[in-house]
Amino acid sequence: MRKFLSVGVSTLAISMIGSAALADGQVYSNFPVTLKNYEGKKKTSVSYTGQIARHALHDSLKKLAGKGNGQPNPELKAKMMSYFAGKDKGRAIVAPATKGPFAVKQKGVDDISGGKNLAGKTYKGTITGMPNNMTGPDLLNFWIDKASSADKGYDLTNGYNYPQLISKFIMGAVFYNQAVDGYLDEYLSAEKKPNDKPYKKGAAYTGKEHAWDEAFGYFGAPAHTLSLTPSQVYQIAKQGSKSKDPKDALGFADFNKDGMVDLKSEMVFAPAYYAAGADKGGKTKYMHTITGAFLDGRKLLAAAKGEKLSDAQRGQLRGYASVIENNWEGTLAEATFKYAGSVYKDMVKLKGMKATDDGYTKTLKNYVKHWGELKGFSLALQTGKKNLGGTASTLNILVGFGPVMPDGQQVVNIDGGGKYVRAGGVTWGNYMKNMLKVQNLLVKDLSVKARANDMTKEMDALTKALGESESAEND
Amino acid sequence: MESLLLDYLDRVGDMFANPQKRVFVGYLASSFVIAAAFFFLTRRLSFPFICKALFDKKVWWSASAKGDYKLLLINQAVMMGLGPRLIGKLAVATLLFESLHVWFDGRVLIWTDAPGWVIAFLFTVTVFLLDDVTKYWLHRILHRWPVLWAFHKVHHTAETLTPFTVLRTHPVEAVLFTLRATLVHAVAIATFLYFFGDRATLIAVLGANAFLFAFNALGSNLRHSHVWLRYGRLVEHVLISPAQHQIHHSIESRHCDRNFGAVLALWDWMGGSLEVAERKRNFALGVAGHRGNRNNLESLYLVPFVESYQSIKHPLRAILGPLTRRGRMPESGRQADILTMGPRPKPSSRP
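Remember, predicted model here, so these are calculated numbers, not experimental data.

**A look at the overall build of chain B**
- Across its full length, chain B holds 15 helices and two strands.
- For a compact globule of 351 residues, the expected C-alpha radius of gyration is about 20 Å, and chain B comes in at 21 Å, within 12% of that figure.
- Projected onto the principal axes, the alpha-carbon positions of chain B cover approximately 65 × 55 × 50 Å.
- In chain B, buried positions account for 53% of the 351 residues.
- For chain B, the share of sequence-separated contacts (at least 6 apart) that also reach a separation of at least 24 residues comes to 73%.

**What to know about helix H9 (residues 270-279) of chain A**
- For H9 of chain A, a buried count of nine out of ten residues is recorded, marking the element as mostly surrounded by other parts of the structure.
- Of the residues making up H9 of chain A, those classed as buried are Ala270, Pro271, Ala272, Tyr273, Tyr274, Ala275, Ala276, Ala278 and Asp279 of chain A.

**Quick word on the confidence of the model for chain A**
- Across chain A, the average pLDDT comes to 94, with 95% of residues at or above 70.
- Every residue in residues 1-23 of chain A scores below 50 in pLDDT, and together they form four contacts with partners more than four places removed in sequence or on other chains.

**Examining the pairing of strand S3 (residues 409-414) of chain A**
Residue and element names in this part refer to chain A.
- Relative to strand S4 (residues 420-424), S3 runs antiparallel, the two being bridged by five bridges. Note that in S4 the partner of Asn413 across the bridge is Val421.
- Taking the residues that link successive antiparallel strands as the turn, the S3-S4 hairpin has five residues, and the phi of Gly418 there is positive, at about 85°.

**A word on the confidence of the model for chain B**
Residues and elements named next belong to chain B.
- Overall, the predicted model of chain B reaches an average pLDDT of 90, with 91% of residues at or above 70.
- Within chain B, no element has a lower average pLDDT than helix H14 (residues 315-320), which sits at 59, and none a higher one than helix H12 (residues 266-271), at 98.
- For the stretch residues 322-329, pLDDT sits under 50, and the model shows 17 contacts to residues farther than four places along the chain or on other chains.
- Here residues 342-351 scores under 50 on pLDDT; set against residues more than four positions off or in separate chains, the count is 15 contacts.

**Points about the packing of aromatic side chains**
- Inspection of every chain in the model, using the stated rule, returns 45 aromatic pairs over all chains.
- Plain terms: the ring middles of Tyr160 of chain A and Tyr420 of chain A are 4.8 Å apart, the flat faces sit at 40° to each other, and that makes the pair tilted. Taken as a pair, Tyr160 of chain A in strand S2 (residues 160-161) and Tyr420 of chain A in strand S4 lie far apart in primary sequence, 260 residues in all.
- For Tyr420 of chain A, a relative accessible area of 14% translates into the label buried.
- Seen from their ring centres, Tyr136 of chain B and Phe260 of chain B are 6.1 Å apart, and the 70° between their planes marks the pair as edge-to-face. Remark: Phe260 of chain B occurs in the loop between helix H11 (242-248) and H12 and Tyr136 of chain B occurs in helix H7 (residues 116-144); sequence separation between them is 124 residues.
- Relative accessible area serves as the criterion here: at 1%, Tyr136 of chain B is assigned to the buried category.
- Ring-pair connections join several aromatic residues into one group, and the members of that group are Tyr28, Phe31, Tyr48, Tyr176, Trp212, Phe216, Phe219, Phe294 and Trp328 of chain A.

**Quick look at helix H2 (residues 25-43) of chain B**
Residues and elements named next belong to chain B.
- Its 19 residues place the ends of H2 26 Å apart at the C-alpha level, agreeing with the 27 Å of an ideal helix rising 1.5 Å per residue.
- Among the residues of H2, Tyr27, Ser30, Ser31, Ala35, Ala36, Phe38 and Phe39 are the ones counted as buried.
- If you follow the buried residues of H2, they end up packed against helix H3 (47-54), strand S2 (208-209) and helix H10 (210-217).
- Just downstream of H2, Arg44 is the residue with a positive phi angle, here 55°.

**Digging into the nonpolar core**
- Counting 160 residues, the largest nonpolar core has Trp143, Ile166, Trp212, Phe294, Trp328 and Tyr367 of chain A as its most contacted members.
- Counting residues per element, this core draws most heavily on helix H11 (residues 311-351) of chain A, which supplies 15 residues.
- Contact partners of Tyr367 of chain A, with chain neighbours within four places excluded, come to Val343, Asp346, Met347, Leu350, Pro403, Val404, Met405, Trp428 and Tyr431 of chain A.
- If you look at the next biggest cluster of nonpolar residues, it comprises 13 residues, including Val12, Ala65, Tyr69 and Met79 of chain B.

**Some thoughts on the packing of helix H7 (residues 230-238) of chain A against helix H8 (residues 246-253) of chain A**
Residues and elements named next belong to chain A.
- Interaxial distance between H7 and H8 falls to 8 Å at its minimum, and their mutual angle equals 110°. Viewed along their axes, H7 and H8 adopt a mutual orientation that is roughly perpendicular. H8 is crossed by H7, and the crossing has left-handed handedness. Two secondary-structure elements touch here, H7 through Gln232, Gln235 and Ile236 and H8 through Asp248, Ala249, Phe252 and Ala253.
- Looking at side-chain class alone, the contact of H7 with H8 contains four nonpolar, two polar and one charged residues.

**Some thoughts on a positive patch on the surface**
- A cluster of basic side chains, namely Lys63, Lys67, Lys79, Lys99, Lys238, Lys244 and Lys280 of chain A, defines a positive patch on the protein surface.
- Considering the arrangement of structural elements, one finds Lys79 of chain A in helix H3 (residues 74-84).

**Thoughts on the side chain of Glu98 of chain B**
- As for its position among the elements, Glu98 of chain B is in helix H6 (residues 89-103).
- For Glu98 of chain B, the contacting residues outside a window of four places in its chain are Lys433, Leu436, Lys437 and Asn440 of chain A.

**Some thoughts on the pattern of salt bridges**
- A full pass over the atoms with the stated rule returns 29 salt bridges over all chains.
- The closest approach of N and O atoms between Lys192 of chain A and Glu186 of chain A, which form a salt bridge, is 3.4 Å.
- Since its relative accessible area comes to 32%, Lys192 of chain A is described here as partly exposed.
- Given the relative accessible area of 40%, Glu186 of chain A is considered partly exposed.
- The residue Asp257 of chain B makes a salt bridge to Arg144 of chain B at a minimum N-O spacing of 3.6 Å. Here Arg144 of chain B lies in helix H7 and Asp257 of chain B lies in the loop between H11 and H12, a separation of 113 residues in the sequence.
- Exposure remark for Asp257 of chain B: the relative accessible area of 4% places this residue in the buried category.
- For Arg144 of chain B, a relative accessible area of 22% translates into the label partly exposed.

The rules behind these values
- Residues numbered from 1 in each chain as written.
- Chains lettered and ligands numbered in written order.
- Predicted model: local features only at pLDDT ≥ 70, side-chain atom pairs only at ≥ 80, totals over all residues.
- Heavy atoms only, no water.
- Helix = DSSP H or I, 4+ residues; strand = E, 2+ residues; numbered from the N terminus.
- Rg over C-alpha atoms; globule rule 2.2 N^0.38 Å.
- Buried < 20%, exposed > 50% of the residue type's maximum accessible area, 1.4 Å probe, protein only.
- Contact = heavy atoms within 4.5 Å.
- pLDDT = per-residue confidence, 0-100.
- Pairing = 2+ DSSP bridges.
- Phe/Tyr/Trp six-rings, centres within 6.5 Å; stacked < 30°, edge-to-face > 60°.
- Expected span 1.5 Å × (residues − 1).
- Core = buried A, V, L, I, M, F, W, Y, C linked by side-chain atoms within 4.5 Å.
- Axes fitted to C-alpha atoms, helices over the stretch in contact; angles between N-to-C directions.
- Parallel < 35°, antiparallel > 145°, perpendicular 65-115°, else oblique.
- Left-handed = near helix turned anticlockwise from the far one by under 90°.
- Nonpolar A, V, L, I, M, F, W, Y, C, P; charged D, E, K, R; others polar.
- Patch = residues over 30% accessible without salt bridge, like charges linked within 9 Å, V, L, I, M, F, W, Y side chains within 5 Å.
- Areas by Shrake-Rupley, 256 points an atom, 1.4 Å probe, with all protein chains shown as cover.
- Salt bridge = Lys/Arg side-chain N within 4 Å of Asp/Glu carboxyl O.
- Lys, Arg positive; Asp, Glu negative; His and termini not counted.
- Charge placed at Lys NZ, Arg CZ, Asp CG, Glu CD.

Shown next, in the form of structure tokens:
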């Protein structure tokens, strides 16, 4: 009996230590205030609500971009612009919103953080993958204008799905760019936002702590990501589905068990969702690798106890930043790869269909939607810190300014009045070949590993099955 | 340096451990069993005598066999350097697969209701047949074009045959064999995937094409041996027997340029180069005019370049073969050797 009790107590002790370890070491929260001379009341230095507010603005803008009725709609455009470029108060969170038992705690953007927008944080460089030398904000303004007069976000003549184009591009031009080309780059220098001073007057966090937190916020992962599987993260983002009970999704998200999902720390947003999507296949670990590197960096900052970082500490932090950047780039490349495969598959289906066939419009819409995701992600990839050079140029040429439509036409330019210029040229077969080349390019230059929708997977398998060609056997 | 050495040893080991290779230990063992059974049934030899006959030191440690071993070991190092520089199967298959989209303006999937096993069977047979017929044609060209015969001659200067004679190959030939396999496999892979999608799979045994596995397991190594195993006149019009391949190695002018086939005799039958085996072997092996002096490294590696160059000094010779001192135009490089040969050698005795 004594022995039994002893084993029981030991087990309980181990499990308690385990819980504490999870809370202390594996959750991105409750890091203490380390700032010297801080006189406020806050108990933790962790803060990234501005980034979460921008995720809510992004999700809402995407939803609004699919609300058009095919006619010019200044009201809708104004509303979309308020989410993109405005800072006005009272903006409701259109998405993510409560869905059945999956209760979302916040209703308005201001409940997360006030006065935020996306335009101010959008990549200002020229977007070479689209015509007319538009900058990131120019391109989003252009697409928002088009989306406001599109039919539920679709332009089936030119082949555009604006919600997808807007959303996927923002994932690069705002979230990825801000994180890897700002907070994880220049903010890690010795001079900018030092660790022995507050980020801003009166703040509970040091310069470096907050810069690091902001980068984590842009990744959009729940604070307790390391205790979740990619499938669970995926379900949270989907807020359940027909086959997956929303109650389960709530259970995975609701870390503090208050029956609601706090967008500030428990929700999954786009970048983390796509990392989990790639990881679901089991070949990659983007989500845990990125979150783990963020946690390691944050632990290093907490351990610095508000002192200025040494060169060695900053070097270590840059190491974590590099892991985050490379893996984040990997998730964008994986998504680009996946949608090149989807576009290819849609083209196979469309080739065998006539416009009068049942399901033709649905198939065409899928094609246009997938192309929007492909284009959006391929442009997002080009907004990071690295100059992708020849890879980006090739990608842009292969994907083009628009998909080849069943009438053989493709958008090749945008005129001064913002109208699309179409022309024939690339054949259906050649454009399918381009999709295969996109996948090959991403394997060769960006080493994608998850490779969802790999259109030449069987070729690898058959090549291996037939063995090496090299032979000195003589008959 | 250490990793290079390990890579080299790995390659040598792979020859014996990989069922896609002819000298895989399993195939060597099955050939031994077949040869032993053959000797027992035809000559009623006891097991020790069978072993003595099969592992005759005069065969396995002859100057010719030692030449085989030198080539086998050195070629592995040579191909370690050359192999990665040759165009890969995957690259060619990808290029063809992509090009098919352009040629047919899209993707064409045919016979979509056919069961997967039917497509797998078709793919496996196609690869086997394409492999075999292209091996036949390449082999024929190696004999017929003097510029190439100079290199292939290295294989034919073997005067005793062991299973390792299959690797008595000049590196230039090895490159040609590699490119042939690359092209043939790439064509098969690209076209089957394009038209049949992911139903195209290989039926394999121990990782090797099922047909090739059967061929190798049923005594393919006896074709390079002194075991005179015939299949009979009828079967030898379809399958190349070990005895038929030994005829291919004959020094006799009457056997010149016969039996080029690897597995199937059909190609020789159709190409007019078929020779069925007689009851007894009554010929020597090797190349006329080159007996007994072709097993040193210089002869195995360098002389072929000189002879090949000599054959292309005059463009007409390169295409039609050299004019001989007898003023006759031979059809092939090998015939040229026979027409210029010295005294005819005595036939070797059967083991």
